[in-house]
Protein chains: 2
Amino acid sequence: MSNLKNAVIGQSGGPTTVINASLAGAINKYLEDENHGIIYGAVNGIKGVLRSEFVNLNEIFDKKENIDLLMQTPSSYLGSCRYRLKKDSDEEIKKIISVFKEMDVGYFFYIGGNDSMDTVMCLSDICRDKGIKIMGIPKTIDNDLIGTDHCPGYGSCAKYIATSVSEMAQDAGCYDIKNVLVVEIMGRNAGWLTAASALARDEKLSAPDLIYLPEKPFDEEKFLYDIRQKLLNQNTVIVAVSEGIKYSDGTYIAEDSKETRKDMFGHGQLGGAGKKLEFLIKKRLGIKVRSVELNILQRCAAHNASLTDISEAFGCGCAAVEAAFNGESGKMISMRRTDCKKYQIEYECLDIKKIANGEKTVPESFISKNGNDVTDEFVKYAAPLIIGERNVIYKNGKPAYISR
Amino acid sequence: MSNLKNAVIGQSGGPTTVINASLAGAINKYLEDENHGIIYGAVNGIKGVLRSEFVNLNEIFDKKENIDLLMQTPSSYLGSCRYRLKKDSDEEIKKIISVFKEMDVGYFFYIGGNDSMDTVMCLSDICRDKGIKIMGIPKTIDNDLIGTDHCPGYGSCAKYIATSVSEMAQDAGCYDIKNVLVVEIMGRNAGWLTAASALARDEKLSAPDLIYLPEKPFDEEKFLYDIRQKLLNQNTVIVAVSEGIKYSDGTYIAEDSKETRKDMFGHGQLGGAGKKLEFLIKKRLGIKVRSVELNILQRCAAHNASLTDISEAFGCGCAAVEAAFNGESGKMISMRRTDCKKYQIEYECLDIKKIANGEKTVPESFISKNGNDVTDEFVKYAAPLIIGERNVIYKNGKPAYISR
């Protein structure tokens, strides 16, 4: 039997806690084939391919203990990038193909979100002509990729949010005084993460008492009214807000409280919605108020990752390699929920053209009528995604990681 | 043998992840005595005593599973207060004594920090006259109580900080661009928690690259110079700063960036040092910069608590009850390190008058000469305190807690 061609894998976009689990899944599957060649890691995503900067993953990950460490290492082991291929010339694409030819590459796997799938799409037609299989592996904490039930990365971030909100609710409720805690959660246009704060609730805990997503226009007077109503019956009110909540005219509420910087894809870097609401509540209600921005903590808390999420991220990595071996190309692995009663998913291949540059926001049926909460239907959807914990390897009192 | 008198226990001051472990230790030890009476929990600390608001802890904690849940529940199960007894009249003290007499209370245990030990001191002379034993149980994330090697609550907070800083270092370092991450850590006057960020380091991780404590005057030009120097040799610079860093004239650097509110003890509520430095770096160095405020997350992250800390908090609760049974009163339990090579501690009783209202800051020998780091001596001191993890009980994907 002839040998397999070599493979290249890259990671792109914002970090998640499980993007390395997808890397581990792909490495594992590729090396499982007894005729395997070399699987190279592109350093800093597609930029690494353009620069011919690679690491040999066969050598590092022939040890099972390194795969174990990789599975619990947050962020991108290979380094990441936010780089979109130039569409007005095919120079970059030619360069990439020549690098792949030189390295005898037959498979290219790219783990990333919306913007990264654009790279997969740009390369897919020309790769097909050259006999190189290219597959996208989904990854985003934002859960906003279309065509998949949910995205690897979301479940762990959701678990961190649920855990932190329930812990902070214990903290904020310890004095017998009226107070409000505003928790600012990531999510520019899609409120999936902020919605996940509802998973903090149980029989005894009502927190978060109010939830505001970017899908609904934000009204300050309605917000203050909602809080006043809650304060009638309880001392502590916990509010979860998305960084991306906007007034009805479409301006971000954080916009005038912080300079808006733009990243390479033209997205504004937000932050400050929580702080803005803290000052609003203090000024208008005159009670003790605090705001907490979960910031990047929510996307790198690998020590509290969801086992379901880790397993699925690993599974997506495996599925991508398997699909490429079966001749698939220009596709992204997606997950379909096959059984809703007893949570179960299946991996599928979706045409990349149907996915790239799309964005899935939280549907109406998941948002409460008055726009300050989520529905039971959302909780049913999200609850299985945070289940399970990995047995984290600690060293000197903190989780052990692997780095290049 | 005659029956033991009843006991009252209260929790006071800011929450920690292990203040409930001390409660568990005291309950356990009291109920272990076969002649025990009732141990009452004062709701919201000394305010609960003044209002005669108690819960019967015998009934709740005869189930071992409830003790297990209590051990992993952050914040104060009994509710807390920030209340200092009025010193210009003895009305409150008389009220407390009359409540205790009515309930046949022979033991009063108070878990708290500096301000709470003031309450223990106020009551200790009169309690002695009335045959009531009163014992203080130390608790503070700030590690600033004098007379004890360290404080229960510190180790878990330190473990959270070490874990988070190492996770965020993975995150911040994922792109191949120059960037700075400023992590703002709690600590008004004492830099113990910020110093603990050094525990994030290992053979491969240099983060945090710079550490600034409130014990040393902060100089903006020196700070920018330090960062520029680090950026010469690395892409990502992680900086840990205490919320309480001050200029040489004694003003907090956060003071002009946020209104300073005062709490009941006259302490300013700070916050904003990180944000202030983020803007300073952006303006002066013009590079990508982000600030993360660990905020209350650091003091309630029970899911990542230090087993050493939990065990010692439990031990302090036990030791307080044991000491009271042995006739001690007007004292606080402290910990002495008996063996430095192989970390080991012993519990002792310290006269409350020597402790109350004192504050232990980070000594010179723990701070590097140029004021932007800690010494190896500090690391040797702090490293054992974050060791070990509890097997946390999860329910529906998040840690299970007990609440009143």
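Rules used in this analysis
Residues numbered from 1 in each chain as written. Chains lettered and ligands numbered in written order. Predicted model: local features only at pLDDT ≥ 70, side-chain atom pairs only at ≥ 80, totals over all residues. Heavy atoms only, no water. Helix = DSSP H or I, 4+ residues; strand = E, 2+ residues; numbered from the N terminus. Expected span 1.5 Å × (residues − 1). Buried < 20%, exposed > 50% of the residue type's maximum accessible area, 1.4 Å probe, protein only. Polar contact = N/O pair within 3.5 Å; in protein donor to acceptor, adjacent residues only side chain to side chain. Contact = heavy atoms within 4.5 Å. Buried area = accessible area lost by both parts, 1.4 Å probe. Salt bridge = Lys/Arg side-chain N within 4 Å of Asp/Glu carboxyl O. Nonpolar A, V, L, I, M, F, W, Y, C, P; charged D, E, K, R; others polar. Phe/Tyr/Trp six-rings, centres within 6.5 Å; stacked < 30°, edge-to-face > 60°. Pairing = 2+ DSSP bridges. Axes fitted to C-alpha atoms, helices over the stretch in contact; angles between N-to-C directions. Least-squares fit on C-alpha atoms with pLDDT ≥ 70 in both. Parallel < 35°, antiparallel > 145°, perpendicular 65-115°, else oblique. Left-handed = near helix turned anticlockwise from the far one by under 90°. Right-handed = clockwise from strand over helix to strand, strands pointing away.

Asker: Looking at this model, I keep getting lost on helix 12 (residues 307–325) of chain A. Mind explaining?
Answerer: Because each turn of an α-helix spans 3.6 residues, side chains separated by three or four positions in sequence point in the same direction. All names here are of chain A. Its 19 residues give helix 12 an end-to-end C-alpha distance of 27 Å, which sits within 8% of 27 Å, the value for a rise of 1.5 Å per residue. Along helix 12, 15 of the 19 residues are buried, which leaves the element largely enclosed by surrounding structure. Between a side-chain oxygen at the N-terminus of helix 12 and the backbone nitrogen of Thr308 the separation is 3.3 Å; the capping residue is Ser306. Following helix 12 by one or two positions, Gly327 has its phi on the positive side, about 95 degrees.

Asker: How should I be thinking about the interface of chain A and chain B in this particular structure?
Answerer: Interface size is often expressed as the accessible area that is lost when the parts come together. At the junction of the two partners, chain A supplies 70 residues and chain B supplies 71 residues. In total, about 5500 Å² of surface goes out of reach between chain A and chain B, with carbon and sulfur atoms giving 48% of it. When the buried area of chain A at its contact with chain B is split by residue, Glu167, Asp171 and Lys398 of chain A rank highest and sum to 12% of it. There are 10 salt bridges connecting chain A and chain B. Asp176 of chain A serves as the salt-bridge partner of Lys47 of chain B, at 3.0 Å between the closest nitrogen and oxygen. Our enumeration of links across chain A and chain B arrives at 39 residue pairs in polar contact (both at pLDDT 80 or more). Going through the elements one at a time, helix 7 (154–172), helix 10 (273–285), strand 11 (288–293), helix 11 (297–300), strand 14 (394–395) and strand 15 (398–399) of chain A are the ones with two or more residues in the side of chain A that touches chain B. With 10 residues, helix 7 of chain A is the single largest residue contributor to the side of chain A that touches chain B. Looking at side-chain class alone, the side of chain A that touches chain B contains 26 nonpolar, 20 polar and 24 charged residues.

Asker: Hey, could you run me through the packing of aromatic side chains in this one?
Answerer: Geometry of an aromatic ring pair is reported as the spacing of the ring centres plus the angle between the planes. Within the structure shown, the criterion is met by 34 aromatic pairs over all chains. Aromatic side chains Trp192 of chain B and Tyr381 of chain B sit 5.5 Å apart centroid to centroid with 45 degrees between the ring planes, which places their arrangement in the tilted category. With Trp192 of chain B in helix 8 (residues 192–196) and Tyr381 of chain B in helix 13 (residues 376–382), this residue pair connects regions lying 189 residues apart in the sequence. Like Trp192 of chain B, the residue Tyr381 of chain B is buried in the burial classification. Where Phe378 of chain B meets Tyr381 of chain B, the ring centres are 6.2 Å apart and the plane angle is 45 degrees; that geometry is what we call tilted. Of the two residues, Phe378 of chain B and Tyr381 of chain B both sit in helix 13, three residues apart, roughly one turn of that helix. Tyr381 of chain B shares its class with Phe378 of chain B; the two are buried. An aromatic cluster of three or more residues is present, and its members are Tyr154, Trp192, Phe366, Phe378 and Tyr381 of chain A.

Asker: How should I be thinking about the sheet that holds strand 6 (residues 179–185) of chain B in this particular structure?
Answerer: Within a sheet, neighbouring strands are paired by backbone hydrogen bonds and run either parallel or antiparallel to one another. Residues and elements named next belong to chain B. Spatial strand order, 7-8-6-11: four strands in an open sheet with parallel pairing. A strand with exactly one partner marks an edge of an open sheet, and here the two such strands are strand 7 (210–212) and strand 11 (288–293). Recorded for the sheet is a direction-independent mean angle of 15 degrees between the axes of neighbouring strands. Where helix 7 (residues 154–172) meets the sheet, it contacts strand 6, strand 8 (236–242) and strand 11, and its direction lies at approximately 165 degrees from that of strand 6.

Asker: What is the right way to read the environment of Asp62 of chain B from this model?
Answerer: Residue and element names in this part refer to chain B. With respect to the secondary-structure elements, Asp62 resides in the loop between helix 3 (57–60) and helix 4 (64–71). Of the residues examined, Asp62 reaches a relative accessible area of 59% and is grouped as exposed. As for Asp62 and Ala313, which are separated by 251 residues in sequence, their C-alpha atoms are 20 Å apart.

Asker: What is the right way to look at the sheet that holds strand 12 (residues 331–339) of chain A in this model?
Answerer: Residues and elements named next belong to chain A. Strands sit in the order 3-2-1-4-5-12-13 across an open sheet of seven strands; the sheet is mixed. Both edges of this open sheet fall to strand 3 (54–56) and strand 13 (344–351), since each of them pairs with a single strand only. Ignoring which end each strand starts from, the neighbouring axes of this sheet average 30 degrees apart. In terms of strand pairing, strand 1 (residues 6–11) meets strand 2 (residues 39–42) through three bridges, oriented parallel. From the neighbouring strand, Ala7 faces strand 2, where its bridge partner is Ile39. Sheet strands in contact with helix 1 (residues 19–32) are strand 1, strand 2, strand 4 (105–112) and strand 5 (133–138), and its direction is about 175 degrees off that of strand 1.

Asker: Would you take a moment to explain the side chain of Gln11 of chain A for this structure?
Answerer: Residue and element names in this part refer to chain A. Take Gln11: it is sitting in strand 1. Exposure remark for Gln11: the relative accessible area of 0% places this residue in the buried category. A distance of 3.3 Å separates a polar side-chain atom of Gln11 from the backbone oxygen of Ile19. From its side chain, Gln11 meets the backbone nitrogen of Tyr77 in a polar contact 3.2 Å long.

Asker: Just to check I follow, could you spell out the relation of the copies chain A and chain B for this structure?
Answerer: To go from the first copy of the chain to the second, apply a rotation about an axis and then a shift along the same axis. Rotating chain A by 180 degrees about the axis while translating it 0.0 Å along that axis superimposes it on chain B, leaving an RMSD of 0.0 Å. These values place the two chain copies in the arrangement generated by a two-fold rotation axis. Taking the C-alpha atom as reference, chain A places Glu293 of chain A closest to the rotation axis, 3.7 Å from it. Most of the interface of chain A is mirrored in chain B, where 100% of its interface residues are also at the interface.

Asker: Looking at this structure, how should I read the environment of Ser164 of chain A?
Answerer: Here Ser164 of chain A shows up in helix 7. Once the C-alpha coordinates of Ser164 of chain A and Asn20 of chain A are considered, the two residues, 144 residues apart in sequence, prove to be 23 Å apart.

Asker: What is the right way to read the packing of helix 1 of chain A against helix 12 of chain A from this model?
Answerer: Packed helix pairs are specified by the crossing angle of their axes together with the interaxial distance, meaning the distance between the axes. All names here are of chain A. The interhelical angle for the contact between helix 1 and helix 12, taken along N-to-C directions, is 40 degrees, at an axis separation of 7 Å. It follows from the interaxial angle that helix 1 and helix 12 lie oblique. Handedness of the crossing formed by helix 1 with helix 12: right-handed. Taking contact as the criterion, the partners of Ala21, Ser22, Ala24, Gly25, Ala26, Asn28, Lys29 and Tyr30 in helix 1 are, on helix 12, Ile310, Ala313, Phe314, Gly317, Cys318, Val321, Glu322 and Phe325. Of the residues belonging to the contact of helix 1 with helix 12, the class tally is 10 nonpolar, four polar and two charged.

Asker: Would you mind showing me how to read unusual backbone geometry here?
Answerer: Glycine aside, residues mostly have negative phi, and peptide bonds are mostly found in the trans state. Residues and elements named next belong to chain A. In this structure, Pro208 follows Ala207 across a cis peptide bond, with omega equal to -5 degrees. Inspection of the secondary structure assignment puts Pro208 in the loop between helix 8 (192–196) and strand 7 (210–212). Phi is positive for Asp104, which is not a glycine, with a value near 55 degrees. Within the secondary structure, Asp104 sits in the loop between helix 5 (91–102) and strand 4. Its relative accessible area of 37% is what places Asp104 among the partly exposed residues.

Asker: Looking at this model, I keep getting lost on the side chain of Arg337 of chain B. Mind explaining?
Answerer: All names here are of chain B. One can find Arg337 in strand 12 (residues 331–339). Given the relative accessible area of 15%, Arg337 is considered buried. One polar contact links Arg337 to Asp149, side chain to side chain, over a distance of 3.0 Å. Within the structure, the side chain of Arg337 is placed 2.9 Å from the backbone oxygen of Tyr381, a separation counted as a polar contact. Contacts of Arg337, omitting those with residues within four sequence positions, involve Asp149, His150, Tyr343, Gln344, Ile345, Lys380, Tyr381, Pro384 and Leu385.

Asker: What is the right way to look at the pairing of strand 4 (residues 105–112) of chain B in this model?
Answerer: Each regular strand displays side chains that alternate between the two surfaces of the sheet. Residues and elements named next belong to chain B. With eight of eight residues buried, strand 4 is to be regarded as a mostly interior element. Note: strand 1 (residues 6–11) against strand 4, six bridges, orientation parallel. Among the inter-strand pairings, Gly10 is bridged to a residue of strand 4, identified as Tyr110. In this structure, strand 4 lies alongside strand 5 (residues 133–138), joined through six bridges in parallel fashion. Bridging from a neighbouring strand, Gly112 pairs with Pro138 of strand 5. At this point the chain moves from strand 4, through helix 6 (residues 114–129), to the parallel strand 5, and the crossover so formed is right-handed.

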